[in-house]
Amino acid sequence: MRKQLSQIEHVLGWELLGSRKRGVRKGTRLRVKYRGPNGEEWSGRGLRPIWLRDQIKRGRREEQFLIVRPGSY
């Protein structure tokens, strides 16, 4: 049955069985994108950490904590 569905997908250009690609492996570390005043780190994914929310409430901007790497814009 899978083979038949695969053939139908190919002919119609649809995706019936779902993507065969896998996401990022669980447990892999992402590059740190933001650094807080006390050395806290955040990759920029997920909910904003408490330290960053507190800083924003005090009038600072998220961009002020962005880590600038050579060659990045």
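Further up the page is the structure itself.
Residues numbered from 1 in each chain as written. Predicted model: local features only at pLDDT ≥ 70, side-chain atom pairs only at ≥ 80, totals over all residues. Heavy atoms only, no water.

Overview of the overall build of the protein chain
Helix and strand counts for the protein chain come out as two helices and two strands. Of the regular secondary structure in the protein chain, the N- to C-terminal order runs α-β-β-α. Going through the 73 residues of the protein chain one by one, you find that 15% of them count as buried. For the protein chain, contacts bridging at least 24 residues in sequence account for 25% of all contacts bridging at least 6. (Helix = DSSP H or I, 4+ residues; strand = E, 2+ residues; numbered from the N terminus. Buried < 20%, exposed > 50% of the residue type's maximum accessible area, 1.4 Å probe, protein only. Contact = heavy atoms within 4.5 Å.)

Details of helix 2 (residues 50-57)
Every buried residue of helix 2 is listed here: W51, L52 and Q55. The buried residues of helix 2 occupy an angular sector of 95° when the element is viewed end-on, so they sit on one face. Residues of helix 2 that are exposed and point over 90 degrees away from its buried face: I50 and K57. Those residues of helix 2 that are buried are in contact with strand 1 (34-35) and strand 2 (41-42). (Arc of directions from axis to C-beta.)

Considering a nonpolar patch on the surface
Side chains of I8, V11 and L12 sit close together on the surface and give an oily, nonpolar patch of about 290 Å² of accessible area. Along the polypeptide, I8 turns up in helix 1 (residues 2-12). The exposure class of I8 is partly exposed, given its relative accessible area of 40%. (Patch = residues over 30% accessible without salt bridge, like charges linked within 9 Å, V, L, I, M, F, W, Y side chains within 5 Å. Areas by Shrake-Rupley, 256 points an atom, 1.4 Å probe, with all protein chains shown as cover. Salt bridge = Lys/Arg side-chain N within 4 Å of Asp/Glu carboxyl O.)

A word on the nonpolar core
Grouped together as the largest cluster of nonpolar side chains are five residues: Y34, W42, W51, L52 and F65. Discounting chain neighbours no more than four positions away, the residues touching W51 are Y34, R35, G36, P37, E40, E41, W42 and F65. (Core = buried A, V, L, I, M, F, W, Y, C linked by side-chain atoms within 4.5 Å.)

Section: the pattern of salt bridges
Inspection of the entire model under this criterion finds three salt bridges. The salt bridge partner of R48 is E62, with a shortest N-O separation of 2.8 Å. One end of the pair, R48, is in the loop between strand 2 and helix 2; the other, E62, is in the segment after helix 2, and 14 residues separate them in sequence. Among the salt bridges present, the one from E63 reaches R61, with a minimum N-O distance of 3.3 Å. The burial state of E63 is the same as that of R61; both residues are exposed.

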